[in-house]
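# A structural walkthrough
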Amino acid sequence: MGKSNKLQYLNKGVVSNEVEVLKKMFEYAPVYVCLLEGPDHRLKYMNKIFRQLYGGVDLPEGTPAEKILSEFKGAGEKEINERMQLLDSIYNSGEAFIANEFQSFFGYRGENESEEAFFNLICQPMKDEKEETYGLFITGYEVTEHVRARQEKAYSKERLTLAIEGADIGFWETDLKRGELDYTNEQCKVHFGYSPGDEFTRDDFYNAIHPEDRPAVKEKAQDAMENAGNFKVEYRVQHSDGSLRWILARGQTLTDSDGQPYRFIGITLDITESKEAEKKLKEAVRIRDDFLAIASHELQTPITSVRTLSELLELKLKKDGEQEYAGQAAKINKGINQLSKFIANLLDFSRIQEGKLQLEKSDLILNDLIKDTVESIQPISDHDVIIEAVDNISVHVDEFRIGQVITNLVNNAIKYSPESEKIIVRAKEKEDQVIVSVVDFGIGVSEHERETIFQRFYKGNQPHKKTYPGFGIGLFISSQIVQQHGGDIWVEDNNGKGSEFKFSLPKND
Ligand code: ADP
């Protein structure tokens, strides 16, 4: 039968009616349907879903497949040829073509950029009564989202594996129903002194842990498994060559929809190096603190005698009319005073570090203490230190130590406000507290430094550091003293014109 006869048969015969019935059935079917006829695969019919894929354009009947394909966005010559060859081979062989997740290279959906899509499809040759193929019946549905989700899952797993391996992370999984370790990656075995290919059971895991650490690890793991909780523990592992390694393990229990724990999964990390670094650092800090304690203690006595002697010397020189030498002796005295203050600070620092800062508390009137302190600073300062709005407040404090805090804050206020002339000291009752504040009009403290300046040895980021000498321990000592009194210390901005240091103390009942 020639081509025209086949078409006649299709258009006029019983089959033609069937096609009409099929068209109606297929028009709103949830799958795409396309009928092509003839060896050059001319369009006979496409249903609504297929038209949507194609961008909603209603192509005229008789359009050849090559033209249909070329209208798709992104369809290059190579892809069109491949598809045409496929259609030809199905047509010529008479064999149905079934494909799952068949990749389309063509763009679709109207104006969108061309993008990859996947279909599950069947291309079935249509045959006449003589079993000769006269057309192709193509039907299928899109599975792009399903494919993407699976690909994404695979990528995530791959990324996770890469991250885990790249960071030398061990990974383990325990099946809680069987109570067995049923997966450990190679790195995990290495962490426990095993080789990658070795068998590694739950008993091997517990046996490798240092006997002193084992009970704690067991208890924490048991707790996490029973209560569906998190697990975090550091322990030592004894390798067969006798070496000891530190391991950090973290884990989590997974529960089913009924809340029943069914898997316990987690990671291991070898933290031996950081543990050793931490130990060395602690040792270095201990040596430093010991040195400071010994040095400040040993220096205190000779400095006190030198100070007494040089003060006597200054007096004597003045009395003898040796003004020039007396002036030089005064400079020596100033230096020695600074040195002895510094040594006193170091001693306090050491006492704080060792938890040996003892307070000798008594009841006193806070304004008297403020007045005495300010009076001792005023003669040696060019600033005007004004006491303002001080309530008559009774407190139960260590007079010397709280005096030291006020001195520190006022001296800092003077030091960090060289361009201004005024410092204000206030004390007010607020509920069950007393708030003392020292206000200056100087360089101020930037917002991001307001917490850190109270840390030991913290020197601010002033642009001209040399202008403001110091060791960064005054505020640390002050904060420790205040905290030991049950109070708090902080700094606020003085309306953009300097800073306001405040500390609180519990009020005396
Ligand atoms: P030091 O003054 O010896 O550096 P402190 O512990 O007394 O040490 O102060 C820590 C830091 O806090 C200082 O280096 C400075 O940056 C900042 N600071 C303290 N008081 C003031 C103030 N009144 N105004 C501005 N900055 C201050």
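Residues numbered from 1 in each chain as written. Predicted model: local features only at pLDDT ≥ 70, side-chain atom pairs only at ≥ 80, totals over all residues. Heavy atoms only, no water.

## Examining the packing of aromatic side chains
- By the definition in use, this model includes 16 aromatic pairs.
- Relative to F102, the ring of F97 has its centre 5.9 Å away and its plane inclined at 80°; by these criteria the two rings are edge-to-face.
- Residue classification places F97 among the partly exposed residues on the basis of a relative accessible area of 23%.
- The ring of Y206 has K218 sitting right over it, with the charged end atom 5.0 Å from the ring centre.
- A cation over an aromatic ring shows up here: K275 above the ring of W246, its NZ or CZ 4.5 Å from the ring centre. (Phe/Tyr/Trp six-rings, centres within 6.5 Å; stacked < 30°, edge-to-face > 60°. Buried < 20%, exposed > 50% of the residue type's maximum accessible area, 1.4 Å probe, protein only. Lys NZ or Arg CZ within 6 Å of the ring centre and 35° of its normal.)

## What about empty space enclosed by the protein?
- Counted under the stated rule, the structure contains 3 cavities of 30 Å³ or more.
- A volume near 170 Å³ is recorded for the second largest cavity.
- Of all elements in the fold, only β6 (170-175), β7 (180-184), α8 (202-208), α9 (214-226), β8 (230-238) and β10 (261-270) reach the threshold of two or more residues within the lining of the second largest cavity.
- Residue classes in the lining of the second largest cavity are distributed as 13 nonpolar, 3 polar and 1 charged. (1 Å grid on protein atoms, 1.4 Å probe; cavity = no way out; pocket = protein on both sides within 12 Å on 5 of 7 lines; lining within 4 Å. Points joined across faces, edges and corners; volume = space filled by probe spheres on them. Helix = DSSP H or I, 4+ residues; strand = E, 2+ residues; numbered from the N terminus. Nonpolar A, V, L, I, M, F, W, Y, C, P; charged D, E, K, R; others polar.)

## Side note on helix α14 (residues 474-484)
- Summarising burial for α14: 8 of the 11 residues are buried, a large majority.
- Buried residues of α14: G474, L475, F476, I477, S478, S479, I481 and V482, and no others.
- Looking one or two places after α14, you find G486, whose phi comes out positive at around 85°.

## Some details on the pairing of strand β5 (residues 133-142)
- Most of β5 is tucked away, with 8 of its 10 residues classed as buried.
- Where strand β1 (residues 32-37) lies against β5, 6 bridges are found, and the strand directions are antiparallel. Bridged to L36 within β5 is L136.
- Bridge count for strand β4 (residues 117-127) against β5 is 9 bridges, and the pairing is antiparallel. Within β5, the position partnered with Q124 by the bridge is F137.
- Hairpin connection from β4 to β5: 5 residues lie between these consecutive antiparallel strands, with E131 at a positive phi of about 65°. (Pairing = 2+ DSSP bridges.)

## A few points about the side chain of S499
- Inspection of the secondary structure puts S499 in strand β17 (residues 499-506).
- S499 gets classed as buried once you look at its relative accessible area, which sits at 4%.
- Non-local contacts of S499, meaning those with residues more than four positions away in its chain, are made with V438, V439, D440, G444, V445, V491, E492 and N494. (Contact = heavy atoms within 4.5 Å.)

## As for the sheet that holds β5
- Ordered by their spatial adjacency, 5 strands build an open sheet running β2-β1-β5-β4-β3, and the pairing between neighbours is antiparallel. With partners counted over all chains shown, the strands left at the sheet margins are β2 (42-46) and β3 (97-104), one partner each. For this sheet the average axis-to-axis angle between neighbouring strands, irrespective of direction, equals 25°.
- Strands in contact with helix α5 (residues 77-93) are β1, β3, β4 and β5; relative to β5, the strand with the most contacts, it is inclined by about 125°. (Axes fitted to C-alpha atoms, helices over the stretch in contact; angles between N-to-C directions.)

## Some remarks on a negative patch on the surface
- A grouping of D368, D372, E375 and E399 is seen on the molecular surface, where their side chains present a negatively charged patch.
- Among the elements that take part in the negative patch, helix α12 (residues 366-377) stands out by supplying 3 residues, more than any other.
- On the basis of relative accessibility, which here comes to 53%, the residue E375 falls in the exposed class. (Patch = residues over 30% accessible without salt bridge, like charges linked within 9 Å, V, L, I, M, F, W, Y side chains within 5 Å. Areas by Shrake-Rupley, 256 points an atom, 1.4 Å probe, with all protein chains shown as cover. Salt bridge = Lys/Arg side-chain N within 4 Å of Asp/Glu carboxyl O. Lys, Arg positive; Asp, Glu negative; His and termini not counted. Charge placed at Lys NZ, Arg CZ, Asp CG, Glu CD.)

## Quick word on the sheet that holds strand β15 (residues 433-439)
- Within the open sheet, the 5 strands sit side by side as β12-β14-β15-β17-β16. Their pairing is mixed. Each edge of the open sheet carries a strand with a single partner, namely β12 (384-390) and β16 (489-493). Averaged over all adjacent pairs, the angle separating strand axes in this sheet is 20°, with direction ignored.
- Bridge count for strand β14 (residues 422-430) against β15 is 7 bridges, and the pairing is antiparallel. For A427, the partnering residue across the bridge sits in β15 and is V436.
- The strands that α12 touches are β12, β14 and β15; relative to β12, the one it contacts most, it runs at about 175°.

## Considerations on helix α11 (residues 323-353)
- Taking 1.5 Å of rise per residue, the 31 residues of α11 would be expected to cover 45 Å, and the 45 Å separating its terminal C-alpha atoms lies within 8% of that figure.
- Within α11, burial applies to A326, A329, N333, I336, S340, I343, L346, L347, D348, F349, S350 and I352.
- Summarising the contacts, the buried residues of α11 are in contact with α10 (272-319), α13 (399-415) and α14.
- G355 sits one or two residues past α11 and shows a positive phi near 65°. (Expected span 1.5 Å × (residues − 1).)

## Focus on the packing of α12 against α13
- Where α12 contacts α13, the axes come no closer than 10 Å and their chain directions differ by 50°. As far as their axial angle goes, α13 and α12 are oblique. Between α12 and α13 lies a crossing of right-handed hand. Counting all contacts with α12, which are made through L369, I370, T373 and I377, the residues of α13 involved are E399, I402, G403, I406, T407, V410, N411 and I414.
- Per-class residue counts for the contact of α12 with α13 are 7 nonpolar, 4 polar and 1 charged. (Parallel < 35°, antiparallel > 145°, perpendicular 65-115°, else oblique. Left-handed = near helix turned anticlockwise from the far one by under 90°.)

## What about the state of the cysteines?
- According to the stated counting rule, one finds 0 disulfides in the structure shown.
- There is no disulfide at C123, and the cysteine sulfur nearest it, in C34, is 8.7 Å away.
- Residue classification places C123 among the buried residues on the basis of a relative accessible area of 3%. (Disulfide = S-S within 2.5 Å.)

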